[in-house]
Amino acid sequence: MQIGQFFSFKMGAYWRILKKRRRCLGILVVLNGGLWGIPALYMAMMTPPKPNIDLPSLHSLKQAKYNIYVVNWGFHTAILIEQPQGWNLGPRNNPQARYVEYGWGDKVFFMLSDTSVPATLAAGLLPTDSVMYLRGRDTLPTEQNYARQLYHRQVSSQQLHTLIETLEQSFLRTAGQRLDPYPRVSTFAGEFYQGREYYVIWSDCNAWTVRHLQNIDVAHSYIPVIFSEQVGPSLQGFELLQGKE
């Protein structure tokens, strides 16, 4: 075989391989677009807008600094705030609790504790209904309460007011008020409410935690947050009170 024929044969073989790889790459792009793009478009179109929240005024906050906490329960993280005196943010059984825990997650996986394969796949891949979890606490959670990690820092009254406002916007509301909670779940001390946003793996409870703290400049992540282990390194100015890194 002459050099020119050999070269043409090799180039033809390379081109056929390249075309196959381009087809494979095209399939991957389409699948990736379906996995991320379609849910994102659906969520953008169907998520109710952020409601206006009627909170007590910023001037009602008498302290210069307030305590906030992040608790890692294992697969799930939540935000705890020191409730301002005279406010009623807690659930119906403890509205003026010293601390109020806000959590968010998939309705079936989180509230109903359904970890079956269909429920897990639905929560991971599809936009599913969410719930807000609200619990009043008079003491902080500990390792004896199954808290793996507890982080703490102080924020200004302005930061706290902004944080509470955005947390309260996670509830689905009517006429500015939270909807009535779901019937009590025996395995949880707090109450569940209908969430405003949809849940999907790349916008899960841990991303939710970081996103709300990022709004007041006390957390930041350069990569998408999915796992609870990513939350601690994303926090800024927090100290670890309980547990290990």
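The rules behind these values
Residues numbered from 1 in each chain as written. Predicted model: local features only at pLDDT ≥ 70, side-chain atom pairs only at ≥ 80, totals over all residues. Heavy atoms only, no water. Helix = DSSP H or I, 4+ residues; strand = E, 2+ residues; numbered from the N terminus. Contact = heavy atoms within 4.5 Å. Areas by Shrake-Rupley, 256 points an atom, 1.4 Å probe, with all protein chains shown as cover. Pairing = 2+ DSSP bridges. Axes fitted to C-alpha atoms, helices over the stretch in contact; angles between N-to-C directions. Salt bridge = Lys/Arg side-chain N within 4 Å of Asp/Glu carboxyl O. Buried < 20%, exposed > 50% of the residue type's maximum accessible area, 1.4 Å probe, protein only.

### Let's talk about the overall build of the protein chain
Each helix and strand counted, the protein chain has 6 helices and 9 strands in total. Considering only contacts in the protein chain between residues 6 or more positions apart, those separated by 24 or more positions represent 73%. Of the roughly 14000 Å² of accessible surface on the protein chain, a fraction of 58% belongs to carbon and sulfur atoms.

### Regarding the sheet that holds strand 9 (residues 239-242)
The antiparallel open sheet is built from 7 strands, whose spatial order is 8-4-3-2-1-5-9. The open sheet has two edge strands, strand 8 (191-194) and strand 9, and neither has a second partner. Between one strand axis and the next, the sheet turns by 30° as a mean value, whatever way the strands run. Where strand 4 (residues 130-137) meets strand 8, 4 bridges bridge the pair, whose relative direction is antiparallel. By the bridge assignment, methionine 132 is partnered in strand 8 with tyrosine 193. Helix 5 (residues 205-214) contacts strand 1 (65-72), strand 2 (77-82), strand 3 (99-106) and strand 4 of the sheet and is inclined by roughly 35° relative to strand 2.

### A closer look at the pattern of salt bridges
Inspection of the entire model under this criterion finds 5 salt bridges. One salt bridge in this structure joins arginine 137 and glutamate 101, with 2.9 Å as the shortest N-O distance. With arginine 137 in strand 4 and glutamate 101 in strand 3, this residue pair connects regions lying 36 residues apart in the sequence. A single burial state applies to arginine 137 and to glutamate 101, both of which are buried. Put simply, glutamate 168 and arginine 173 hold a salt bridge, and the shortest N to O gap is 2.3 Å. Here the two residues glutamate 168 and arginine 173 agree in accessibility, since each one is buried. Salt bridges sharing partners connect three or more residues here, namely Glu168, Arg173 and Arg178.

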